[in-house]
Every structure is written in structure tokens, then in C-alpha cells.
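# Structure at a glance
Each chain is listed here by its residues.
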Amino acid sequence: CLVAAYRLMGTPLQTVATAVAVASTACGLVASLAPRESSARIVTGFQHVCAALGGFFLFVSIAMR
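First things first, this report covers the structure right here in the doc. Every value quoted in this text rests on a predicted model; they were computed, and no experiment measured them.

## Some words on the overall build of the chain
Per the secondary structure count, the chain includes 4 helices and 0 strands. Mapped in sequence order, the helices and strands of the chain form the string α-α-α-α. Taking the principal axes of its C-alpha atoms as reference, the chain extends roughly 40 × 15 × 15 Å. Here the chain, with 65 residues, has 23% of them falling under the buried criterion. Of all intrachain contacts in the chain linking residues separated by at least 6 positions in sequence, the fraction that spans at least 24 positions is 58%.

Now the structure itself:
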């Protein structure tokens, strides 16, 4: 996610990719700091959504260059 946000610098998608990177980092922190909470379905689902969006933005950043 961070790589995609960096590659999209100067485009309107940079803010969205940065927000997804921050959300992904927050999910990682929740998973490491509160392992009991990280097994919840909502946290797992949110991690999967963040990973998919990160992959999408990375693909878009490659396609734009």
C-alpha cells in the first residue's frame, strides 16, 4: 500500500492510497497488539479488503507509468 501511494504521488489517487495504507497499518497493529481481537471476523475481513485495495492501487500505479 505504501509503495502504491508513493508511486501515485501527484495524482488524486494518492490520498486514497495513503488512507488505505494507514488503515492497513492499523489492522496490522491491532493484530499484533491484541491477538484475541485480531481473530474477529471484522478485523480479518478488513485486512483482506485492505490487501485487495493495496494490490489494486499498485496495479494502477504500474499501469499509469
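## Quick look at the nonpolar core
Core analysis: the biggest nonpolar cluster contains 7 residues, these being Ala-4, Ala-5, Leu-8, Ala-17, Val-20, Phe-57 and Val-60. Elements that contribute at least two residues to this core include exactly helix H1 (2-7), helix H2 (13-33) and helix H4 (41-64). Residue contacts for Phe-57: discarding those within four places in its chain leaves Ala-4, Leu-8, Leu-13, Val-16, Ala-17 and Val-20.

Definitions and limits used
- Residues numbered from 1 in each chain as written.
- Predicted model: local features only at pLDDT ≥ 70, side-chain atom pairs only at ≥ 80, totals over all residues.
- Heavy atoms only, no water.
- Helix = DSSP H or I, 4+ residues; strand = E, 2+ residues; numbered from the N terminus.
- Buried < 20%, exposed > 50% of the residue type's maximum accessible area, 1.4 Å probe, protein only.
- Contact = heavy atoms within 4.5 Å.
- Core = buried A, V, L, I, M, F, W, Y, C linked by side-chain atoms within 4.5 Å.

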